[in-house]
Amino acid sequence: MSVPCLLHPSKAIEIPDELESFFHVLIYNSLRFLVHNFSRVNVHAFFLEYFDGSERGDRGETCGSKKHASIQSAKLAYQNLELVFGDKNHPMNLLVRDLLLLFQARLEVYKWDTMPASPATAPMLPPVLEGLPAGGVVPDMHKFLRRGVPAPIEEDDDDDSTPMPSDGPDDATRGKAEKLKTHAHVQKLIAKYLEKSWPEHDRVGEDLMKDYDPYQRVSKKQRFFSHDGIPQGTSDELDAPL
């Protein structure tokens, strides 16, 4: 399922969600059967986090952090190793890159458009300076300060620490997200890269997900960490094939 649907399970399924779900199925099968730079161990670990992982929140089980971060960053990687099919010019890499950028834009727009409105805040008023003479004129500032009343703060024209207001996704980002409103653009992308020259021997001889058991890997990961989250072994032990 798409990241927005996993983050908000009651969300209605829309065309962008269908297209993102198709993308995840594409990655699922490509990792299993195409030549790439992930080892079998990396594939199993990536599957556990990306496809079988989840986070527990107020709404129950929601989107796993790996899938969420992958779409948000438009990058598929495991332990800082970015996924590459064949060589970098392989059409699959170009297709995955273009699709990730579309889903990244859509996620940014979705989050912004569904963000709860911030409650209105009353304007900040200056504190009342007790003992201030009529007219607001202080004849002797030193005596006034010694009475424990803070002096008015003068504005600094050179102060650039004020945060810039955020207007949400820019037009380019919204334009990318808009392309997912129908199937047409993704169909054109796929047709475009199918016309490229694909290597003849880019399929692995065996399903890289053979013998994968997410329940065993979850159990092993739970044993690897103590109850307070402190590792009780090495990363090699965690990533070792089961």
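Rules used in this analysis
Residues numbered from 1 in each chain as written. Predicted model: local features only at pLDDT ≥ 70, side-chain atom pairs only at ≥ 80, totals over all residues. Heavy atoms only, no water. Helix = DSSP H or I, 4+ residues; strand = E, 2+ residues; numbered from the N terminus. Contact = heavy atoms within 4.5 Å. Areas by Shrake-Rupley, 256 points an atom, 1.4 Å probe, with all protein chains shown as cover. pLDDT = per-residue confidence, 0-100. Phe/Tyr/Trp six-rings, centres within 6.5 Å; stacked < 30°, edge-to-face > 60°. Buried < 20%, exposed > 50% of the residue type's maximum accessible area, 1.4 Å probe, protein only. Axes fitted to C-alpha atoms, helices over the stretch in contact; angles between N-to-C directions. Parallel < 35°, antiparallel > 145°, perpendicular 65-115°, else oblique. Nonpolar A, V, L, I, M, F, W, Y, C, P; charged D, E, K, R; others polar. Core = buried A, V, L, I, M, F, W, Y, C linked by side-chain atoms within 4.5 Å.

**Topic: the overall build of the protein**
The number of helices and strands found in the protein is 10 helices and four strands. Counting from the amino terminus, helix and strand elements in the protein follow one another as α-α-α-β-β-α-β-β-α-α-α-α-α-α. Look at the contacts in the protein between residues 6 or more apart in sequence, and 68% of them connect residues 24 or more apart. Accessible area of the protein: about 16,300 Å², with a carbon and sulfur share of 54%.

**Observations concerning the environment of Tyr110**
On the secondary structure map, Tyr110 appears in helix α5 (residues 91-113). Between the alpha carbons of Tyr110 and Pro4 there is a distance of 7.5 Å; along the sequence they are 106 residues apart. With residues near it in sequence (within four places) discarded, Tyr110 still touches Pro4, His8 and Lys11.

**Side note on the confidence of the model for the protein**
Confidence in the prediction for the protein averages 79 pLDDT; 68% of positions are at 70 or higher. Confidence drops under a pLDDT of 50 for residues 153-165, and excluding neighbours within four residues, the segment shows zero contacts in the predicted structure.

**Quick notes on the side chain of Asn93**
Checked against the element boundaries, Asn93 lands in helix α5. Filtering out sequence-adjacent residues up to four positions away, Asn93 remains in contact with Leu83, Val84, Phe85, Asp87 and Lys88.

**Quick look at the packing of aromatic side chains**
Taken as a whole, this structure holds eight aromatic pairs when the rule is applied. Consider the rings of Tyr28 and Phe47, whose centres lie 5.0 Å apart with planes at 45 degrees: the pair is tilted. One end of the pair, Tyr28, is in helix α2 (residues 15-33); the other, Phe47, is in helix α3 (residues 40-50), with 19 residues separating them in the sequence. A relative accessible area of 32% places Tyr28 in the partly exposed class. With a relative accessible area of 2%, Phe47 lands in the buried category. Taking 5.4 Å as the distance between ring centres and 90 degrees as the angle between the ring planes, the aromatic pair formed by Tyr28 and Phe51 counts as edge-to-face. Here Tyr28, found in helix α2, pairs with Phe51, found in the loop between α3 and β1 (54-57); they are 23 residues apart in sequence, far enough to count as distant. With relative accessibility at 23%, the residue Phe51 sits in the partly exposed group. Members of the aromatic cluster, joined through ring pairs, are Tyr28, Phe38, Phe46, Phe47, Tyr50, Phe51 and Tyr212.

**Side note on the packing of α3 against helix α4 (residues 65-73)**
Contact geometry of α3 with α4 gives a least axis separation of 6 Å together with a crossing angle of 90 degrees. As judged from the angle between their axes, α3 and α4 are roughly perpendicular. Here α3 contributes Phe46, Glu49 and Tyr50 to the contact with α4, which in turn contributes Lys66, Lys67, Ser70 and Ile71. Grouping the amino acids of the contact of α3 with α4 by side-chain chemistry returns three nonpolar, one polar and three charged.

**A short note on the nonpolar core**
Ranked by internal contacts, the top residues of the largest apolar core, which has 37 residues, are Phe23, Ile71, Leu76, Val96 and Leu99. Within the residue set of this core, elements represented by two or more residues are α1 (3-7), α2, α3, α5 and α8 (184-194). If one sorts the elements of this core by residue count, α5 sits on top with eight residues. Aside from chain neighbours lying at most four places away, what touches Ile71 is Val3, Glu20, Phe23, His24, Tyr50, Leu100, Phe103, Gln104 and Leu107.

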